[in-house]
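The lines below spell out each chain.
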Amino acid sequence: MLVETAVFAAVAALMGVSTVAFVAFSLLGDHENRYFLLPPAIMSIAGLSYAGMAASSGGFALEGLVLELRYLDWLLTTPLIVMHIAVVAAASRKTIAAAMGADALMIAAGYAATTAATPGVKWGGFAVSTVAFLAVVYLLLTTVTDGVRDETAAVQGTFRTLRDLTIALWLVYPVIWLLSPSGFGVITAPDYHFIIAVLDTTAKVGFTSIVTFSITRVGDLFAEAETTATATTA
Amino acid sequence: MTDTQTPGSVLTRSLNTKSFLGIAGFALLLGVTVWTRWLSIRGSVSGEAETAVLSALVTTLFVAVVGASLLVITLVRDTAGALGFLNEKAAQIEAGEFDVNLDAPRYDEVGRLFAAVRSMRDAIAMRIDELETAQREAEVAQREAERQAESLAASAERMSETFDAAAAGDLSVRADEDVDAEALATIAASFNDMIGDVETTVEGVRSFAAEVDEASTEIDDTARQLAAQGDDVVEVIDGIADNADDQYDTVRDASGELSNLSASIEEIASSSDEVATKSADAAEIGNAGNDAATEAVTEMEAIRERTEASIEKVEQLESEMDRIGEIVTLIDDIAEQTNILALNANIEAARAGGAGGDASEGFEVVANEVKSLAEETAEKTDEIESRIETLQSTASDTVSEMRETGERVERGVETIDDSAELLLEMVDTVEDANDGVQSISKATDEQATATEEAVAMMDEVAELSEASTAEATDAAELVEEQNSDLDAVSDRIDDLSRRTRRLREQLESFDGGGGAVAGLDATGSAASAADDD
């Protein structure tokens, strides 16, 4: 458990640094859009989650709650990520709500499948979670993407980057789950936790970094898109 | 899924495809590597070690693939995003939005690309600005050209109307010289100068026609007055000619009278000569008587008886001769007076030649006086003649008596001596008489000469009168010719006045305008100045 604790702690530390960096960026930059609070919020939740997982795995506190903390983390952060992507694409509230609902269902069903006592519940949960994930992917690729066609190329570029990164990384999760002990047991639990940590870190830090870089590198270009998105989503 | 209409999308898709293919290839290669490593390890391990090894290999595989994917996606997204943004801006620039923001706070290849696009955008914007400026200038120039063309057409139209008005006779019109086209302005200025000159000339001609009309009327009146005065002059000259004719006739009559006077005087002269001759004869006879007395001395006694009778006859003869002497003396006085009258006649004649009518009357009086004197002289001369005839007869009687008394003379020797002395005295007296008669004859000759000169002068006067008559006639003819000329002039003046009025009527068709009429005098003087030219 020592390796897992160290991994969780490292991820938590990285999340914390990223959170501070993004907040500092948000404060230094003249960005008044309230959606700029999403990336640091996601990062903070994830960091706190990993800190909790590190404490739990290390025997310091929250004994045996690694799985619960992870799914709680996902249940909060993944809908926010979806929301952020949809907001960048200036999607409608209905679409955003549907995507966030499907995402939450995906996480909940995945938790059910992971903690299922019987194979029926486990594969049923996996199927429901997978369908929900496909629904989210569908919404992001169709409805939300259709809405972004009216936005500028820069906004579209940022949107696509976030969308593709998210979908690509999230596609790995069910595969890893199938290889994990919860699934067919190809990889061990510590390796599973490591891969998930890498994926989480990559997904969240990568996501935040892309948003940050998009703003800092072509930040002024983004201004009109920001304004348009704000006006559309307000 | 993506916008395929823009090159940027194609680029992005291409990059995504390449990224996907690269990641897939990397994952495949890594998967094959892990699979072969697992096959080689699988025989030497077992149990939990086998599971741990497989798990580690799979974990490594996934992490590697995820990391590679993250790296590739990040790089591709970064480049693709910037290129897509740049593509969008290029599209905006292409659409004409040159104020797009191309600032990129990066100094890599993408940053240089942005700078290059920015420079290109600025250059294009500048060129387009230049083009638009040039186009605006061209449009402005075109509008200006159109405006000028319209202005030119309008100006030409106005000018044409002005020309038409001027052609219709309105000389007060002026073309607008304030036009854009220099050529039209020049034409307008030339036209205005020309129409101004024409107006001035027409006004000048008009006023000149009026003056000519007025002058023609005056000249016509003057000519008629002159013609009337000419008629008066003709009448006066005719009167002068008639007077000259009368004068000529009078002078000619006077000349005839003078000629008659001259003839009478010549007759007197010849009579005087005869008297002289007779006197000489008488003297000779006296001498012969003396001789006879001398002879009679011898016959004294015969003559003596007759001598007494002869004495009586001779005494009678003596008295007759005395009478003759008185007459001759009278004639001499008359001759002197005639001479004086002739002299006066000469003077009057000379005055008549210089003064005309009144002188002729004076001369007529003188001539009448001369005429009466001449008649009186003629009467006296006749009386002398008769007396001389009487004397002759008496002398003849005396001769016969003397012859009868010759014998008586002889007897009257004593008486003869006395008779001889008386005869001698008689001879002296006769000679004296002869001398007187000679002087009479001489004076009469001089008188005749003077009278002839007077006649010649009278002839000259007559010629002068005739000449003056002819001249008066010529003058009358000249005045009549002048009158006819004046009539012709009057006709011509009437014709001129008629034509001038027609000219003025024609000129009335030209409307010079109020200003031109008001400046008639000025234009009239200008026109006269122009006439001078």
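Cut-offs and rules
Residues numbered from 1 in each chain as written. Chains lettered and ligands numbered in written order. Predicted model: local features only at pLDDT ≥ 70, side-chain atom pairs only at ≥ 80, totals over all residues. Heavy atoms only, no water. Salt bridge = Lys/Arg side-chain N within 4 Å of Asp/Glu carboxyl O. Helix = DSSP H or I, 4+ residues; strand = E, 2+ residues; numbered from the N terminus. Buried < 20%, exposed > 50% of the residue type's maximum accessible area, 1.4 Å probe, protein only. pLDDT = per-residue confidence, 0-100. Contact = heavy atoms within 4.5 Å. UniProt positions renumbered as here; feature names shortened; annotations may be inferred. Phe/Tyr/Trp six-rings, centres within 6.5 Å; stacked < 30°, edge-to-face > 60°. Expected span 1.5 Å × (residues − 1).

**Observations regarding the pattern of salt bridges**
All names here are of chain B.
Step number 1: Inspection of every chain in the model, using the stated rule, returns seven salt bridges over all chains.
Step number 2: For Arg-174, the salt bridge goes to Glu-199, with nearest N and O atoms at 2.7 Å. Linking Arg-174 in the loop between helix H3 (109–167) and helix H4 (182–298) with Glu-199 in helix H4, this pair joins segments that are 25 residues apart in sequence.
Step number 3: Among the residues examined, Arg-174 registers a relative accessible area of 38% and is labelled partly exposed.
Step number 4: Of the residues examined, Glu-199 reaches a relative accessible area of 9% and is grouped as buried.
Step number 5: When salt bridges with common partners are traced through the structure, they connect Asp-495, Arg-498 and Arg-499 into a single cluster.

**A few points about the confidence of the model for chain A**
Residue and element names in this part refer to chain A.
Step number 1: Across chain A, pLDDT averages 83, with 86% of residues at or above 70.
Step number 2: Taken element by element, chain A is modelled with least confidence in helix H8 (residues 219–233), mean pLDDT 39, and with most confidence in helix H4 (residues 93–114), mean pLDDT 94.
Step number 3: A low-confidence stretch, residues 218–234 (pLDDT under 50), is modelled with 30 contacts involving residues beyond four sequence positions or located in other chains.

**A short note on the UniProt feature "coiled-coil region" (unreviewed entry) in chain B**
Residue and element names in this part refer to chain B.
Step number 1: Under the UniProt annotation, the feature "coiled-coil region" (unreviewed entry) is placed at residues 124–162 and 479–506.
Step number 2: In this annotation, residues 124–162 is assigned 100% helix and 0% strand; the end-to-end C-alpha distance for the span is 54 Å.
Step number 3: Along residues 479–506 the backbone is 100% helical and 0% strand, and the end-to-end C-alpha distance reaches 39 Å.

**A word on the packing of aromatic side chains**
Step number 1: One pass over the full model with this rule turns up nine aromatic pairs over all chains.
Step number 2: Measuring from ring centre to ring centre gives 5.8 Å for Phe8(A) and Tyr50(A), while their planes differ by 55 degrees; the resulting arrangement is tilted. Of this pair, Phe8(A) sits in helix H1 (residues 2–28) while Tyr50(A) sits in helix H2 (residues 38–57); the two residues are 42 residues apart in sequence, bridging distant segments of the chain.
Step number 3: Since its relative accessible area comes to 0%, Tyr50(A) is described here as buried.
Step number 4: When the centroid spacing of 4.3 Å and the interplanar angle of 50 degrees are considered together, the rings of Phe163(B) and Phe191(B) count as tilted. You can see Phe163(B) sitting in helix H3 and its partner Phe191(B) sitting in helix H4, a full 28 residues away along the chain.
Step number 5: These aromatic residues form a ring-pair network of at least three members: Tyr71(A), Trp74(A), Tyr111(A) and Tyr173(A).

**Observations concerning H3(B)**
Residues and elements named next belong to chain B.
Step number 1: The end-to-end C-alpha distance of H3, which contains 59 residues, comes to 83 Å, matching closely the 87 Å that a straight helix rising 1.5 Å per residue would cover.
Step number 2: Looking at H3, one finds that the buried residues are Val-110, Gly-111, Phe-114, Val-117, Arg-121, Ala-125, Ser-151, Ser-155, Met-159, Thr-162 and Ala-166.
Step number 3: Once H3 finishes, Gly-169 follows within two positions and takes phi at roughly 115 degrees, a positive value.

**Comments concerning unusual backbone geometry**
Step number 1: Non-glycine residue Ala90(A) carries a positive phi angle of around 60 degrees.
Step number 2: Note on placement: Ala90(A) falls in the loop between helix H3 (66–88) and H4.

**Quick notes on the environment of Arg224(B)**
Step number 1: Turning to its location among the elements, Arg224(B) is positioned in helix H4.
Step number 2: Sequence-distant contacts of Arg224(B), defined by excluding residues within four places in its chain, comprise Ser490(B) and Asp494(B).

**So, the UniProt feature "transmembrane region" (unreviewed entry) in chain A**
Step number 1: Feature annotation in UniProt places "transmembrane region" (unreviewed entry) on residues 6–28, 35–54, 74–91, 98–117, 123–141, 162–180 and 192–213 of chain A, given in this structure's numbering.
Step number 2: Along residues 123–141 of chain A one finds 100% helix and 0% strand; the C-alpha atoms at either end are 26 Å apart.

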